Amino acid sequence: MSKRILMIVTSHDRLGNTDKKTGFWLEELAAPYRIFTEAGAQVDIASPKGGKAPADPGSAAEASDDVRWFLGNAESAKKLESTLRLADAPSNYDAYFLVGGHGVMWDLAVDEQSAKLLGSAFDQGKVVAAVCHGPGGLANVRTADGKPLVQGRRVTGFSDEEEKAVKLETVVPFMLETRLRELGGRYERGAMWSSFAVRDGKLVTGQNPQSSALTARETLVALG
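As the structure is a computational prediction, the values presented were derived from the model and not from experiment. (Residues numbered from 1 in each chain as written. Predicted model: local features only at pLDDT ≥ 70, side-chain atom pairs only at ≥ 80, totals over all residues. Heavy atoms only, no water.)

## Digging into helix α1 (residues 26-38)
To keep it simple, the criterion reads: Note on conventions: DSSP H or I runs of at least 4 residues are helices, E runs of at least 2 residues are strands, and numbering of each starts at the N terminus. By this rule the span expected of a helix is its residue count minus one, scaled by 1.5 Å. Exposed residues in this analysis have more than 50% of their type's maximum accessible area, buried residues have under 20%, and partly exposed residues fall in between, with area computed by a 1.4 Å probe over protein chains only.
Helix length check: α1, at 13 residues, gives a terminal C-alpha distance of 18 Å against a target of 18 Å (1.5 Å per residue), a fit within 8%. Counting buried residues along α1, 10 of its 13 residues qualify, which places the element largely inside the surrounding structure. All of the buried residues in α1 are Leu-26, Glu-27, Glu-28, Leu-29, Ala-30, Ala-31, Pro-32, Tyr-33, Ile-35 and Phe-36. In the segment just after α1, Gly-40 is the residue with positive phi, at about 95°.

In structure tokens, the structure reads:
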């Protein structure tokens, strides 16, 4: 596969007005990155601010085999230490993959540069994918007709039930499942903490960290 994929992570490292750290979830970056590169794709990593992106401390504490592989791989570790600034990223990628983590809810969910990039990419027939809280980064994305990208399309993301289970429903700026429904998305979900992803044409979304690998594989299918 000679495809180019841009993985996008959050630059936000704080849970709202609390003193607790957040960021992107390592598993949701590591597992898809590994799957993409082993499939022969060229993968870059970008963030709104560029430079070193913040990993959620909780995700580092629960390191999977994929996370250990990613952090132990000189090339991927270097890309994470110096992510591309999203505004400077080239526009010739075949797919864009929004990595989850609660930080997304504060920056990528309202980032105009990201919304413009993803809306334009989708209009051009490129793949747009997101996992867990990553679909929060689709909340402000519009297609050329001015409609929400998720409107009328099958979509998933971190469920309201899962948000309540981690006791952050009063901390996040919005509940993701509820917002996706409000935007006209045809929201679907699996059981809590189970692997679940949906593919609707060139839009691919996954429900939670356990869905990272499946979302990546569905992204490859969407890429053809």
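## Quick notes on the UniProt feature "domain: DJ-1/PfpI" (unreviewed entry) in the protein chain
Stated precisely, the cut-off is as follows: UniProt positions are given in the numbering used here, feature names are shortened, and annotations may be inferred rather than shown by experiment.
According to UniProt, the "domain: DJ-1/PfpI" (unreviewed entry) feature falls on residues 27-218. The span residues 27-218 is 34% helix and 15% strand, and its two end C-alpha atoms sit 17 Å from each other.

## Let's talk about the side chain of Ser-212
Spelled out, the test is: Polar contacts, as counted here, are pairs of nitrogen or oxygen atoms within 3.5 Å of one another; within protein the pair requires one atom able to donate a hydrogen and one able to accept it, and residues that are adjacent in sequence qualify only if both atoms are side-chain atoms. Residues are treated as being in contact if the distance between any of their heavy atoms lies within 4.5 Å.
Of note, Ser-212 is situated in helix α8 (residues 212-223). At a separation of 2.8 Å, a polar atom in the side chain of Ser-212 contacts the main-chain carbonyl oxygen of Pro-209. Apart from the residues within four sequence positions on either side, Ser-212 is in contact with Glu-27, Glu-28, Ala-31, Pro-32 and Val-131.

## Some words on the packing of α1 against α8
Short version of the rule: Every axis in this analysis is a line fitted to C-alpha atoms, fitted for helices over the stretch in contact. Angles between the N-to-C directions lie between 0 and 180 degrees. An angle counts as roughly parallel when it lies under 35 degrees, as roughly antiparallel when it exceeds 145, as roughly perpendicular when it falls between 65 and 115, and as oblique in every other case. Should the near helix be turned anticlockwise from the far one by less than a right angle, the crossing is left-handed, and should it be turned clockwise, the crossing is right-handed. By the convention adopted, Pro, Cys, Tyr, Trp, Phe, Met, Ile, Leu, Val and Ala count as nonpolar, Lys, Arg, Asp and Glu as charged, and the other residues, Gly among them, as polar.
Where α1 contacts α8, the axes come no closer than 8 Å and their chain directions differ by 40°. Taken together, the axes of α1 and α8 lie oblique to each other. As for how α1 packs across α8, the hand of that crossing is right-handed. Contacts between α1 and α8 involve Glu-27, Glu-28, Ala-31, Pro-32, Ile-35 and Phe-36 on the former and, on the latter, Ser-212, Ala-213, Ala-216, Arg-217, Thr-219 and Leu-220. Looking at side-chain class alone, the contact of α1 with α8 contains seven nonpolar, two polar and three charged residues.

## Quick look at the packing of α1 against helix α4 (residues 74-81)
α4 packs onto α1 with a crossing angle of 135° between their chain directions and a minimal axis gap of 12 Å. When the axis of α1 is compared with that of α4, the two are oblique. Here α1 and α4 pass one another in a crossing that is right-handed. Contact residues: Leu-26, Leu-29 and Tyr-33 in α1; Glu-75, Ser-76, Lys-79 and Leu-80 in α4.

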